[in-house]
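Here's the letter readout for the chains.
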Amino acid sequence: MIVRTEDLVRRSALSSELADVDPLETADWLESLEAVLKIQGPERAKFILEALRDKVRAAGVPTEGGIQTPYLNTVPLDAEVPYPGDRAIERKIKSIIRWNAMAMVAKANKTTNVGGHIATYQSAATLYEVGFNHFFRGRTEDNHGDIIYFQGHASPGPYARAFLEGRLTEQQLTNFRQELQPGGGLSSYPHPWLMPNFWQYPTVSMGLGPIMAIYQARYARYLENRGLADTRGSHVWAYLGDGECDEPESLGCLSIAAREKLDNLIFVVNCNLQRLDGPCRGSGKIVQELEGIFKGAGWNVVKCMWGGEWDDLLARDRSGALARRMLEVPDGEFQEYAYAAKKGKPQIIREKFFNTPELKALVAHLSDDHLAAMKRGGHDPAKVYNAYRAAMNYRGGPSVILAHTVKGYGTASEANNTAHQEKSLMLALTAEEMAALKADGYKVAQELKGLKSFRDRFQFTMTDADLAEYKFYRPAENSPEMVYLQERRKALGGYQPARNNVFVPSSPPRPEVFHRSHQASTAGKAQSTTLAWVSLMGQLMKDPSVGKLIVPIVPDEGQTFGLPPLYNQFGLYNSLGQNYVPVDTGTPSSYREATNGQIFQEGINEAGSMATFIAAGTAYSTFSVNTIPFYIYYSMFGFQRVGDLIWAAADARCRGFLMGATAGRTTLNGEGLQHEDGHSHLAALTVPTCRAYDPAWGYEMAVIVEEGINRMYVKGEDLFYYLTIYNEAYEMPAMPAGVKDGILKGLYAFKTVTPDGAKQTVQLLGSGVILREVLRAQEILATKYKVASTVYSATSYQELRRDCIEVERYNRLHPDQPKKKSHVDTVLGSTPGPVVASSDYMRTLHEQISPYLNGRMLSLGTDGFGRSETRQNLRRFFEVDAEHVAYAALYALAERGELDKKVLPQALKDLGIDAGRPHPWTV
Ligand SMILES: Cc1ncc(C[n+]2csc(CCOP(=O)(O)OP(=O)(O)O)c2C)c(N)n1
Ligand SMILES: [Mg+2]
């Protein structure tokens, strides 16, 4: 690439805040540099530049800055290559897609008011079409294809294109946002759950697309480095809005992409300068701000600011006045130019933008309409192509394209603050047009005027009558447009977006893997469910079938969970390898990093870890490799902190295991209010594909993990599991016979005690660590009060509830059929006495099944804020210790008239319960 000296002078003057006091001298220096560039090449030029900077720095002159460049295209004109496609045909195709995308929204809203967005796609159409025609690779026999995160609100665009491609029907387009209609509809946004053959990843919750894309690109490298899949042919493209960049998830992990040198990742930010309510910055410049952030994070930034119409002006702008003006005008004013031009005042651009005699002279030969029609970079296919090409050719790091566009481009609401929410193209009438109409005809006339203006703007053929009907437009199959469109996709390997639905099952892990976990822990040796899990992982990762596929993920804290022995054995993934000797080298739990390490050590980054989880848990589809993620973290920092990513994981049909460690409001002793989780199970039950379990014993955990692997990776079910595991150590019993089914269904009888002379019976349910308090309560009831009881391990209230509502629904809708029985009913229905349920989670968790127990249930849980204390004191405080469970059982018996009430005051005393204490949830 050859850059002219005068351009260099101009650019350096523009990107610096200092005045150029001696342009001749500057030119001299730059000429020398230009000669080095030409003769010795860019490497040498870079070296000299850095040497100069070091020299100046050494003299104490700060030389920071340089993270923003002029408000110009990054790819200089003379480095551009000619557009490789047929621009005229591509424009026709794009116009048809624009129409259909707009029509599907407007049409759906005429009758049903179901919403939808026109403006986002209209501003991004060129950004997508250049990708579809020249870059996005489809899935083929030997290439997994590109992974594209589409901007959620632009979904009508990809739908309209798929309609032309023959992948969606007119019926489906008509039923945009009406998925329950006969023939099916189209989901509002990219939702793989709703359209599993089409959308690959969900994006519409702002910020999640970008962070998922970064970790997806890194995961592709991980698979490559571990020899699990050939991912070299797949690029990750993430399209995002400039407003979306305000979400912390959008930009928060940029440095990871640079650190990992992800040149398989391209972000395209549609900088239409507006978000939903109005301008993103207005008085500032979003493109410059983003450039600084991306550059600072180590990304290759490619600005695509101006269309070809500006080339001549910029070439003649010898003094740099035009480029300076571009840099100085705030975003709100650029919005005003587009808006005013649409509203019939193109002269404003000459008056306000070209605001000096020099600038006015520069455009004296151009009409107002010409000035208004000069495009922004993101609307010019040649500029977009060259920007994409620069990004594709960049090596050693990720690239971002900052594409300057206009929101609602070409529509009646172009650049209006209301553009985002517009569902139609109403264009205001002139006084004469109004005079010719009756008042009740205004709306129709405005609409037709808007549609005609759109048609004329994009030059497609359609009668006024068809416009008014929002008729979808699909040229004949053998028309040049359709032939071209299909050929381009064929050349690129196939259609996009398309989600791979072919699942190749894994062989199940050998049953022996789980045997050790089914046995009792060594006598006298205590173990927590977390450690039981770590030892199971050690076994599982050695299994010949699934061992290599296991992907442990940990956001620091691995020591808390006892993971380090796995670090040494299986290695921590580091794309750079280990270029140092770890301080603990030679120990069994040495911090061993390797390019083919199996474990992800994510650092303190739960959102990033979730994004890795999603990439790993969807690789069965994306890269046809059934990797099985186990993401272990503080249970408090899961559903609560990154719940929206968990929701996206479910939408993406993600599989795997979330391991909520240090679980329980009373169990992680000492840590207090911010750490002690007594509610993640409530959030877990809101996610339809989540299977949430709260096991008490190591064997329960192992049974659930084995079942999970079989359901997800052998049978291919789109589920993921959530298991809470605790850090309290105790002796683990051996697995009793015949309990597997109950463990998986969520409830099974663990132990019955019937003291001699027992007159009353209670059913005691316990989960997780609190099961042991319940077992102690069982002893108290038997020895002190001669009450018989059965203790049940309630491994999953979510499963129990799911089954209860399924049975209830079946019985309600099938009154003429024999009634079905729920698992809760089967286990507890014919037992005597009250049911007392306790856990280290909020009461609501257990109360989910209380409607199916005919008023028999009393629930004890950990409602309220946690605090720092010992386990024993916390369990007394939250009233879930053995004494409280025993007392609650006596009370419940008395309430049912099965025990004399007079026993209760004495029992309170005997059990040491202070009835006068405030509720745990109010203090
Ligand atoms: C987390 C989240 N918050 C809010 C929204 C609602 N929302 C949808 S689109 C939008 C504005 C998008 O602006 P921008 O990102 O600039 O995209 P554009 O349409 O301008 O291309 C908002 C606020 C959302 N979808 N997700
Ligand atoms: Mg925007």
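Further up the page is the structure itself.
Bear in mind that the values here come from a model prediction, so they are computed numbers and not experimental data.

Let us now look at the nonpolar core. Within the largest apolar cluster, 202 residues are counted, with the highest numbers of intra-cluster contacts made by Phe267, Trp299 and Phe354. Broken down by element, the residue count for this core peaks at eleven residues, all from helix α8 (residues 208-225). Once residues lying within four places of it in the same chain are set aside, the contact partners of Phe354 are Trp310, Leu313, Leu322, Ile349, Leu359, Lys360, Val363, Leu371 and Met374. Membership of the second largest hydrophobic core comes to 69 residues, among which are Leu127, Leu173, Tyr385 and Tyr470.

Attention now moves to the coordination of the magnesium ion (ligand 2). The protein atoms donating to the magnesium ion (ligand 2) are Asp242 (OD), Asn272 (OD1) and Gln274 (O), with metal-donor distances spanning 2.0 to 2.2 Å. Taken in sequence order, the residues that donate to the magnesium ion (ligand 2) follow the motif D-x29-N-x1-Q. Taken together, the positions of Asp242 in the loop between β2 (236-241) and α9 (248-251) and Asn272 in the loop between β3 (265-271) and α11 (286-296) put the pair 30 residues apart, joining distant regions of the chain. Looking at Asp242, the relative accessible area reads 1%, which means it is buried.

Moving on, we come to the packing of aromatic side chains. Inspection of every chain in the model, using the stated rule, returns 57 aromatic pairs. Aromatic side chains Phe454 and Phe458 sit 5.1 Å apart centroid to centroid with 70 degrees between the ring planes, which places their arrangement in the edge-to-face category. A residue pair is termed a helical-turn pair when its members lie 3 or 4 positions apart in one helix, as Phe454 and Phe458 do in helix α20 (residues 442-458) at four residues. Neither Phe454 nor Phe458 differs from the other in exposure class; each is buried. Its guanidinium or amino end placed over the ring of Phe163, Arg474 lies 6.0 Å from that ring's centre, counting from NZ or CZ.

With that settled, the discussion passes to the sheet that holds strand β18 (residues 857-860). Ordered by their spatial adjacency, five strands build an open sheet running β14-β16-β15-β17-β18, and the pairing between neighbours is mixed. Lying at the two open borders of the sheet, with one neighbouring strand each, are β14 (748-753) and β18. Mean inter-strand twist for the sheet, computed between neighbouring axes without regard to direction, equals 20 degrees. Examined bridge by bridge, strand β17 (residues 835-838) and β18 share four bridges and lie parallel to one another. Counterpart to Ala837 in the pairing with β18 is Ser859.

Summarising the element assignment, Asp741 is placed in helix α32 (residues 740-745). Along the sequence, Asp741 and Val703 sit 38 residues apart, while their C-alpha atoms lie 9.4 Å from each other.

This part is about unusual backbone geometry. With the exception of glycine, the majority of residues adopt a negative phi angle, and the majority of peptide bonds are in the trans configuration. A cis amide bond links Gln496 with the next residue in sequence, Pro497, at an omega value of -10 degrees. Locating Pro497 in the fold gives a position in the loop between α22 (480-491) and α23 (512-518). Here the phi dihedral of Thr662 falls at roughly 45 degrees; this positive angle occurs in a residue that is not glycine. Within the fold, Thr662 resides in the loop between β11 (657-661) and α30 (680-684).

Right, let's talk about the packing of helix α4 (residues 87-111) against helix α5 (residues 119-134) for a bit. Each pair of packed helices can be summarised by the angle the axes make with each other and by the distance between the axes. Contact geometry for α4 and α5: axes closest at 10 Å, N-to-C directions at 135 degrees. Between α4 and α5, the angle falls in the class oblique. For the pair α4 and α5, the sense of crossing is right-handed. In this structure, α4 uses Glu90, Ile93, Lys94, Ile97, Arg98, Ala101 and Met102 to contact α5, whose residues at the interface are Tyr121, Gln122, Ala125, Thr126, Glu129, Asn133 and His134. Counted by class, the contact of α4 with α5 contains six nonpolar, four polar and four charged residues.

Cut-offs applied
Residues numbered from 1 in each chain as written. Chains lettered and ligands numbered in written order. Predicted model: local features only at pLDDT ≥ 70, side-chain atom pairs only at ≥ 80, totals over all residues. Heavy atoms only, no water. Core = buried A, V, L, I, M, F, W, Y, C linked by side-chain atoms within 4.5 Å. Buried < 20%, exposed > 50% of the residue type's maximum accessible area, 1.4 Å probe, protein only. Helix = DSSP H or I, 4+ residues; strand = E, 2+ residues; numbered from the N terminus. Contact = heavy atoms within 4.5 Å. Donors = N, O, S within 2.8 Å, 3.2 Å for Na, K, Ca; no water. Phe/Tyr/Trp six-rings, centres within 6.5 Å; stacked < 30°, edge-to-face > 60°. Lys NZ or Arg CZ within 6 Å of the ring centre and 35° of its normal. Pairing = 2+ DSSP bridges. Axes fitted to C-alpha atoms, helices over the stretch in contact; angles between N-to-C directions. Parallel < 35°, antiparallel > 145°, perpendicular 65-115°, else oblique. Left-handed = near helix turned anticlockwise from the far one by under 90°. Nonpolar A, V, L, I, M, F, W, Y, C, P; charged D, E, K, R; others polar.

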